[in-house]
Amino acid sequence: MNHHIITIDGPAGSGKSSVAREVANRLGFTFLDTGALYRAAAVAIREDGCCAQDNAACGRILKQIRLDLSGSRVFLNGRDITEEIRSPHISELASSIAVHPSVRSELLGIQRSFAGRTSLVVEGRDTGSVVFPDADLKIFLDATPEERARRRHEELRLKGSASVMDNVLKDLKNRDHRDETRKVSPLVIPEHGIVVDTTHLSFDEVVEKILSLARDRLTD
Ligand code: DC
């Protein structure tokens, strides 16, 4: 049977995760959240206590751990860390360690190991440009920094975490800068990627747009 891959990349707060999850559900594909793998790697690196600036040390730690995704749960060496990976501290650390070539190459193998078994909707920063450059459909979701910060702020508020809008916007711009300027696999619009600007679109409109692109592309 022919398995399909749809990649959805974009900056923090562009709505990738929730959109990708819904598109995967509607198509009956498996959802692969690659950011969760970077976040889980950050938890492992923090627990080891090594210097997060040290490319080689981070790579060594990742060789010794086991990361598993099961449904929407994330496991580090068998321990469920699904909630832990969403803390602001881990968001920051995941973005910092994602600049290391050793971290990216360790996680590349894990991401590619999901292909071939089922059809996938993959969400991340470089999934269309580096991880699955031959994907059937590549989407780049975007929105203005202000709109993305507003969504993130609302998300944190709903979770009961106090946050200051100006700080959320500042953190988001820092992460954008790091994601876009890192030497290995920076955040880019992938070749043949289709840009969907979600600033003025509702969640349902974004999902419908991607489903319609998928129907056209996957039946070709
Ligand atoms: O999508 P997210 O916020 O959960 O991702 C967490 C961090 O992981 C993000 O700051 C950048 C990094 N990341 C990456 O570099 N490449 C990916 N494919 C996915 C995430």
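Data block above holds the structure.
Below you will find a few notes about this structure.

Conventions and cut-offs
Residues numbered from 1 in each chain as written. Predicted model: local features only at pLDDT ≥ 70, side-chain atom pairs only at ≥ 80, totals over all residues. Heavy atoms only, no water. Axes fitted to C-alpha atoms, helices over the stretch in contact; angles between N-to-C directions. Helix = DSSP H or I, 4+ residues; strand = E, 2+ residues; numbered from the N terminus. Parallel < 35°, antiparallel > 145°, perpendicular 65-115°, else oblique. Left-handed = near helix turned anticlockwise from the far one by under 90°. Contact = heavy atoms within 4.5 Å. Pairing = 2+ DSSP bridges. Near = heavy atom within 4 Å. Polar contact = N/O pair within 3.5 Å; in protein donor to acceptor, adjacent residues only side chain to side chain. Areas by Shrake-Rupley, 256 points an atom, 1.4 Å probe, with all protein chains shown as cover. Nonpolar A, V, L, I, M, F, W, Y, C, P; charged D, E, K, R; others polar.

**Points about the packing of helix α1 (residues 16-27) against helix α9 (residues 203-218)**
No. 1: Direction vectors running N to C along α1 and α9 enclose 50°, while the axes themselves pass 10 Å from each other. The orientation of α1 with respect to α9, classified from their angle, is oblique. The way α1 lies across α9 gives a crossing that is right-handed. Seen from α1, the contacting residues are S18, V19, E22, V23, R26 and L27; seen from α9, they are F203, V206, V207, E208, I210, L211 and A214.

**Focus: the sheet that holds strand β3 (residues 67-70)**
To summarise the sheet geometry, strands pair through backbone hydrogen bonds and adopt either a parallel or an antiparallel arrangement.
No. 1: Taken in spatial order, the 3 strands of this open sheet run β3-β4-β5, and their pairing is antiparallel. Lying at the two open borders of the sheet, with one neighbouring strand each, are β3 and β5 (79-80).
No. 2: As paired strands, β3 and strand β4 (residues 73-76) are joined by 4 bridges and run antiparallel to one another. Across the sheet, residue L69 finds its bridge partner in β4, namely V74.

**Digging into the site of the ligand**
No. 1: Around the ligand sit 17 residues in total, of which R39, R104, R125, D126 and R175 are the nearest.
No. 2: In this structure, R39 approaches the ligand through a side-chain N or O atom, which is 2.7 Å from an oxygen atom.
No. 3: One of the side-chain nitrogen or oxygen atoms of R104 is found 2.8 Å away from an oxygen atom of the ligand.
No. 4: Taken by itself the ligand offers 450 Å² of open surface, and the protein chains cover 98% of this.
No. 5: Among the secondary structure elements, those contributing two or more residues to the shell around the ligand are α2 (34-48), α4 (88-97), β6 (120-124) and α8 (165-181).
No. 6: Counting residues per element, the shell around the ligand draws most heavily on α2, which supplies 4 residues.
No. 7: Its residues placed into classes, the shell around the ligand shows 3 nonpolar, 4 polar and 10 charged.

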